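# Report on the structure
Listed below, chain by chain, are the residues.
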Amino acid sequence: RDLSKKKYKMNFDIVVSNPPYIPLKDMIDLSSDVVEYESYEALCGGEDGLNVIRDIVHRLPEWTFSSSSRAKHCWMEVDESHPRHLARWLSPGSVEARRCGVEYVESYTDFCGRDRFVKLRVS
């Protein structure tokens, strides 16, 4: 059953996600300790690794709908190639950010120093 068009009205202040984000080309190089414990669907985010991330971004406004004036945020683990794409796509004030209702705030590094986490703001 396809739930991709189903609406889920929520009232979250924050969304935390570790979606499938590995680009298809990188799936072949995953270590056995990863592929033996996670399904393909839980790991692969499509050709560029952004398929599920794009869906999350488009759904954030409905998930965080509220009359509250408090800022709503999404924290997400991503591939190290994604922060620069998300920063460009969802640049604060850009046409795309206004259309989606979501802006890129900043990225954070993991313990190895790789850009692996992003913070988004729902406007």
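Quick summary incoming for the structure in this document. This is a predicted model, so every value here is computed, not measured. (Residues numbered from 1 in each chain as written. Predicted model: local features only at pLDDT ≥ 70, side-chain atom pairs only at ≥ 80, totals over all residues. Heavy atoms only, no water.)

The interhelical angle for the contact between helix H3 (residues 51-63) and helix H4 (residues 82-89), taken along N-to-C directions, is 35°, at an axis separation of 13 Å. Here H3 runs over H4; the crossing is right-handed. Between H3 and H4, the contacting residues are Ile53, Arg54, Val57 and His58 on the first element and His82, Leu86 and Trp89 on the second. Split by residue class, the contact of H3 with H4 holds four nonpolar, two polar and one charged. (Axes fitted to C-alpha atoms, helices over the stretch in contact; angles between N-to-C directions. Helix = DSSP H or I, 4+ residues; strand = E, 2+ residues; numbered from the N terminus. Left-handed = near helix turned anticlockwise from the far one by under 90°. Contact = heavy atoms within 4.5 Å. Nonpolar A, V, L, I, M, F, W, Y, C, P; charged D, E, K, R; others polar.)

We now examine the environment of tyrosine 108. Residue position: tyrosine 108 is located in strand S3 (residues 102-109). The class of tyrosine 108 is partly exposed, set by a relative accessible area of 30%. On a C-alpha basis, the gap between tyrosine 108 and tryptophan 75 in space is 10 Å, while along the polypeptide they are 33 residues apart. Residue contacts for tyrosine 108: discarding those within four places in its chain leaves Trp75, Arg114, Asp115, Arg116, Phe117 and Lys119. Polar side-chain contacts of tyrosine 108 include one of 2.7 Å to the side chain of glutamate 106. (Buried < 20%, exposed > 50% of the residue type's maximum accessible area, 1.4 Å probe, protein only. Polar contact = N/O pair within 3.5 Å; in protein donor to acceptor, adjacent residues only side chain to side chain.)

Attention now moves to the pattern of salt bridges. For the structure shown, the criterion picks out nine salt bridges. For aspartate 13, the salt bridge is made with lysine 72, and the minimal N-O distance between the two is 2.5 Å. Of this pair, aspartate 13 sits in the segment before strand S1 (14-17) while lysine 72 sits in strand S2 (residues 72-77), and the two are 59 residues apart along the sequence. With relative accessibility at 33%, the residue aspartate 13 sits in the partly exposed group. Residues arginine 116 and glutamate 77 are paired through a salt bridge, measuring 2.8 Å at the closest nitrogen-oxygen approach. Separated by 39 residues along the polypeptide, arginine 116 in strand S4 (residues 115-122) and glutamate 77 in strand S2 bring together distant segments of the chain. With respect to class, arginine 116 is no different from glutamate 77; both count as buried. (Salt bridge = Lys/Arg side-chain N within 4 Å of Asp/Glu carboxyl O.)

Overall, mixed pairing links the four strands, which are arranged S1-S2-S4-S3 in an open sheet. Bordering the open sheet on either side are S1 and S3, each of which pairs with just one other strand. Averaged over all adjacent pairs, the angle separating strand axes in this sheet is 15°, with direction ignored. Pairing geometry for S3 and S4, over seven bridges, is antiparallel. If you follow threonine 109 over to S4, its bridge partner there is aspartate 115. Across the sheet, H4 lies against S3 and S4, angled at about 155° from S3, the strand it touches most. (Pairing = 2+ DSSP bridges.)

The next point concerns the nonpolar core. Grouped together as the largest cluster of nonpolar side chains are 23 residues, with contacts concentrated most on Ile53, Leu60, Met76, Leu90 and Leu120. Looking at this core, the elements with two or more residues in it are H3, S2, S3 and S4. Element by element, the count of residues in this core is highest for H3, at five residues. Those residues in contact with methionine 76 that lie beyond four places of it in its chain are Ser17, Pro19, Ile53, Ile56, Arg116, Phe117, Val118 and Leu120. (Core = buried A, V, L, I, M, F, W, Y, C linked by side-chain atoms within 4.5 Å.)

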